[in-house]
Amino acid sequence: MHAEMGQNRAPPRQNRPISSAGCACAEAGIMSEAAARLPERWRPSANRPVAAPSVPAWVVVAGVACVAVYVGFVAVGLGESDFEIISATIVVPILLAVTVPVARRIARAEGDSRYTAMILAAFGLKMIGGLLRHYVAYGVYNGSDASQYHRWGSTLAESYRDLDFGVRVGAVPGTGFIRAVTGVVYAVVGTSRLTGFLVFSWFGFLGLLLFWRAFRAGLPDGDGRRYFHLVLLLPSMLYWPSSIGKESWMVMVLGVCAYGVARSLSGRPATGLVILAIGAAGVTAVRPHLALVVFNGLVVAFLLRRPRSNSPLSPIATAMVAVLLLGAGLVLVNRVERFFGVESLTAEVVVDQLNEAETHTTQGGSEFTPVQVRSPLDLPLATLTVLFRPLPHEVKNAQAALTAFETMLILGFTLWSLPRFRRAFALLRSSPYVGYCIGFTLTFIVAFSSFGNFGLLARQRVQVLPAYLVLLCLPKSHDDSSADETVIAAARLWPSVRSGRETPSAAEAPRGSTGGPRRSARVGALRVPRLRLRRDLRRRLPRRIRGAALRRMRRTGHPLARLLTA
């Protein structure tokens, strides 16, 4: 029987897409007589080709636009022999070559080959955002903060190429660290301001990609496709963290922190804490007060989460984590005190720093009267200010008009997503990453509510939007979990599954002496005991996702339902 099955099996297909629950079940190699009850279009078949998933239309449009822009830049650079443009046209393919394997790896992890094209299209749009940021900074406003970073980077690059790292760069943590990073970038890619913009834009892109991966790890039953579109394609995300400066670096390291938090809260504390420590070090090197914001979000998630087990060692583990958080908090408070030059970080000192920030930012053509959070009653208006202003009637120039248009879209999307938004507090215990995002967002609003300049506030807002947008992509209800996505996730959890390997159909599955299906599931060329597979899936799949998916799979007669409930 096994020999006949080996002869009749279709040859392997590379990158086999999964487009239905039946195909997903075939990918996991889980076959039973229940598959015969599936609709015809859902039934797995080794002889019927599976249609490749269609690429979204916006990916095609973005790809054509990016290729056209790149070809145009190559033509201009060669025609005018412009070093800035020629250098940029050389660096972009290098960044693309680094991004392609990352995109493919993520697509394999998601079980959807379309994510490769989507990530690469988002990369191209981010590069266009860097070009636009450079043009506005030097073609419209004739300079920006990037100019001083460029001058320092040009000087430091010569020293760094000679392995002389003793040059003073200024205050660290703070501006001096970004000067040093710019010097390292210039030492590698050459002293080109436009190229520097594109490299820093790529830093911001990596951070946004990590925010999305954190969402998928910390909230696997959330709307991952919606969050991808929001966090990677929102105009402010494409534009602001795309220049030489602190914003691009901060978005990247905050994304590292979010990914570390999600990993540590979803059952992988060791690797998650290491990633979180790396991200926190990057945040502290530039803005220690934002590291304190990350810490507050982590504390909220830790205090409100549901314990993963009721074993006698759980209180000991909780106490150890509490001690680690206390130690990390004391270190961060000390760094913030040194950063602001104060002896102790008391409530009065915090108020003084907010007042000083208000004085320094309420100048220029986009100033307004800020709303400081001195009591909980001030929080709603401060939230409106930090997340959604300027309002249309507060617009004074074209850039503010574009910002107001986007903030109104976000506000409208928030109102439309209220059914999801209302579930945020219900998910605090079961999905602690939601608690981290809520704690991070609220702390950020309190810290930045004193900023009195719309332009500066729009730049700073990109650091909190990825956390806020998580609340707009929550599942509406437990029943919204997709059976297909859960089956794909279950297949990924089992290390013996090989993507694209054919498995026998239900009619060809070997049967035991009693006529029923054997107590094992065929995974590729391996035979895995069914009890072991079921135990592994039950242990790794979150209970809420498993329960919601089982209810959907029972209604459709999905064969995996019998495996998980037997």
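Counting starts from 1 at the beginning of each chain's written sequence and moves along it residue by residue. Per-residue local features are limited, in this predicted model, to residues with pLDDT of at least 70; the limit for side-chain atom pairs, both in listing and counting, is 80 or more; totals at the level of whole chains, interfaces and linings are taken over all residues. For the side-chain quantities, the full set of heavy atoms in the structure was used; hydrogens and water were omitted.

Secondary structure elements follow DSSP: runs of H or I of four or more residues count as helices, runs of E of two or more count as strands, with numbering from the N terminus. Helix and strand counts for the chain stand at 25 helices and 2 strands. Classification of the 566 residues of the chain by burial places 51% in the buried group. What makes two residues a contact is simply this: any of their non-hydrogen atoms within 4.5 Å. Sequence-distant contacts in the chain: of pairs separated by 6 or more residues, those separated by 24 or more amount to 74%. Only the protein chains shown count as cover for residues, and the accessible areas themselves come from Shrake-Rupley with a 1.4 Å probe. About 26400 Å² of surface is accessible on the chain, with carbon and sulfur atoms providing 62% of the total. The buried label goes to any residue with under 20% of its type's maximum accessible area, the exposed label to any with over 50%, and the partly exposed label to all in between, with areas taken from a 1.4 Å probe on protein chains only.

Moving on, we come to the environment of Gly 207. If you trace the backbone, Gly 207 turns up in helix α8 (residues 193-218). Sequence separation between Gly 207 and Tyr 259 is 52 residues; the distance between their C-alpha atoms is 9.5 Å. In this structure, Gly 207 is in contact with Val 251, Met 252 and Gly 255, ignoring residues within four places of it in sequence.

Attention now goes to the packing of α8 against helix α11 (residues 246-265). Under this scheme, a helix contributes an axis fitted over its contacting stretch, all axes are lines through C-alpha atoms, and angles between N-to-C directions fall in the 0 to 180 degree range. Two numbers describe how α8 lies on α11: the axes approach to 7 Å, and their chain directions differ by 20 degrees. Classified by the interaxial angle, the pair formed by α8 and α11 is roughly parallel. For the pair α8 and α11, the sense of crossing is left-handed. Judged by residue contacts, Phe 200, Ser 201, Phe 203, Gly 204, Gly 207, Leu 208, Leu 210, Phe 211, Arg 213, Ala 214, Ala 217 and Gly 218 of α8 engage Ser 248, Val 251, Met 252, Leu 254, Gly 255, Val 256, Ala 258, Tyr 259 and Ala 262 from α11. We call two directions roughly parallel when the angle between them is under 35 degrees, roughly antiparallel when it is over 145, roughly perpendicular when it lies between 65 and 115, and oblique otherwise. Here is the rule for handedness: rotate from the far helix to the near one, and if that takes an anticlockwise turn smaller than a right angle the crossing is left-handed, while a clockwise turn gives right-handed.

The pLDDT score gives, residue by residue, the confidence of the prediction method on a 0 to 100 scale. Overall, the predicted model of the chain reaches an average pLDDT of 77, with 68% of residues at or above 70. For the chain, helix α2 (residues 21-28) is the element with the lowest average pLDDT, namely 39, and helix α21 (residues 465-470) is the one with the highest, namely 97. In this model, residues 1-50 is a region of pLDDT below 50 whose contacts with residues beyond four sequence positions or in other chains number 108 contacts. In the model, residues 478-529 has pLDDT below 50 throughout and makes 123 contacts with residues more than four positions away in sequence or in other chains.

For soluble globular proteins, nonpolar side chains are generally found buried alongside one another. Formed by 114 residues in total, the largest nonpolar core has its most connected members in Trp 212, Tyr 227, Tyr 433, Val 434, Tyr 436 and Tyr 468. Tallying contributions element by element places α8 first for this core, with 14 residues. Working definition of a nonpolar core: buried Ala, Val, Leu, Ile, Met, Phe, Trp, Tyr and Cys residues. They are joined through side-chain atoms within 4.5 Å.

Turning our attention to helix α4 (residues 83-110). Here a helix's expected span is defined as the number of its residues, less one, multiplied by 1.5 Å. Taking 1.5 Å per residue, 28 residues should reach 40 Å; α4 reaches 40 Å between its end C-alpha atoms and fits that length. Where α4 is concerned, the buried positions are Ile 85, Ser 87, Ala 88, Thr 89, Val 91, Val 92, Leu 95, Thr 99, Ala 103, Ile 106, Ala 107 and Glu 110. N-cap assignment for α4: the residue whose side-chain oxygen lies 2.9 Å from the backbone N of Glu 84 is Asp 82. The positive-phi residue at the C-terminal boundary of α4 is Gly 111, with phi of around 70 degrees. In the analysis that follows, any N or O atom pair within 3.5 Å is treated as a polar contact, provided that within protein one partner can donate a hydrogen and the other can accept it, and provided that, for residues neighboring in sequence, both atoms belong to side chains.

For the rest of this paragraph, the subject is the packing of aromatic side chains. Geometry of aromatic contacts follows a simple scheme: Phe, Tyr and Trp rings, the Trp one being its six-membered ring, pair when their centres are within 6.5 Å, and the pair is stacked under 30 degrees between planes, edge-to-face over 60, tilted otherwise. Throughout the structure, instances matching the rule amount to 21 aromatic pairs. Centroid distance Trp 212 to Phe 228: 5.1 Å. Interplanar angle 80 degrees. Geometry classified as edge-to-face. With Trp 212 in helix α8 and Phe 228 in helix α9 (residues 224-233), this pair connects stretches of sequence that are 16 residues apart. You can call Phe 228 buried: its relative accessible area is 0%. Either the NZ atom of lysine or the CZ atom of arginine qualifies as a charge over a ring when it sits within 6 Å of the ring centre and within 35 degrees of the ring normal. Of note, Arg 133 hangs over the ring of Tyr 239, and the distance from its end group to the ring centre comes to 5.4 Å. Lying across the ring of Trp 212, Arg 213 places its NZ or CZ 5.5 Å from the centre.

This part is about the side chain of Thr 89. Note on placement: Thr 89 falls in helix α4. Assessed through its relative accessible area of 11%, Thr 89 is described here as buried. Beyond its immediate sequence surroundings of up to four residues, Thr 89 is in contact with Tyr 70, Phe 73 and Val 74.

Next up on the list: unusual backbone geometry. Of note, the bond from Val 172 into Pro 173 is cis; its omega dihedral lies within 30 degrees of zero at 10 degrees. Relative to the elements of secondary structure, Pro 173 occurs in the loop between α6 (146-161) and α7 (175-189). A cis amide bond links Arg 389 to the next residue, Pro 390, at an omega of 15 degrees. Look at Ser 81: it is not a glycine, yet its phi comes out positive at around 50 degrees. The residue Ser 81 is located in the loop between α3 (57-80) and α4 in this model. Relative accessible area serves as the criterion here: at 60%, Ser 81 is assigned to the exposed category. Phi angles above zero are rare outside glycine, and Leu 163 is one such case at about 60 degrees. Along the chain, the position of Leu 163 falls in the loop between α6 and α7.

Once that is clear, we can look at the pattern of salt bridges. Criterion for a salt bridge: a side-chain nitrogen of Lys or Arg within 4 Å of a carboxyl oxygen of Asp or Glu. Taken as a whole and assessed by the stated rule, the structure comprises 10 salt bridges. A salt bridge links Asp 223 to Arg 420; the shortest N-O distance between them is 3.5 Å. In this pair, Asp 223 is assigned in the loop between α8 and α9 and Arg 420 in helix α18 (residues 418-421), connecting sequence segments 197 residues apart. Glu 394 is paired through a salt bridge with Arg 389; the nearest N and O atoms lie 2.5 Å apart. Summarising the burial analysis for this pair, Glu 394 and Arg 389 share the class buried. What you see here is one network of salt bridges that share partners, running through Asp 145, Glu 247, Arg 287 and Arg 459.

It is worth spelling out a nonpolar patch on the surface at this point. Residues enter patches when they are more than 30% accessible in relative terms and free of salt bridges; like-charged ones are connected within 9 Å and nonpolar ones (Val, Leu, Ile, Met, Phe, Trp, Tyr) within 5 Å. A contiguous nonpolar patch, built from Leu 132, Tyr 135, Val 140 and Tyr 141 and spanning about 440 Å² of accessible area, is present on the exposed surface. In this fold, Tyr 135 is placed in helix α5 (residues 114-140). Classification of Tyr 135 by relative accessible area gives exposed; the value is 52%.

Next up on the list: the environment of Val 172. Structurally, the position occupied by Val 172 is in the loop between α6 and α7. Along the chain, Val 172 and Arg 287 lie 115 residues apart, while their C-alpha atoms are 9.6 Å from each other. Leave out the neighbours within four places in its chain, and Val 172 touches Phe 177 and Ala 285.

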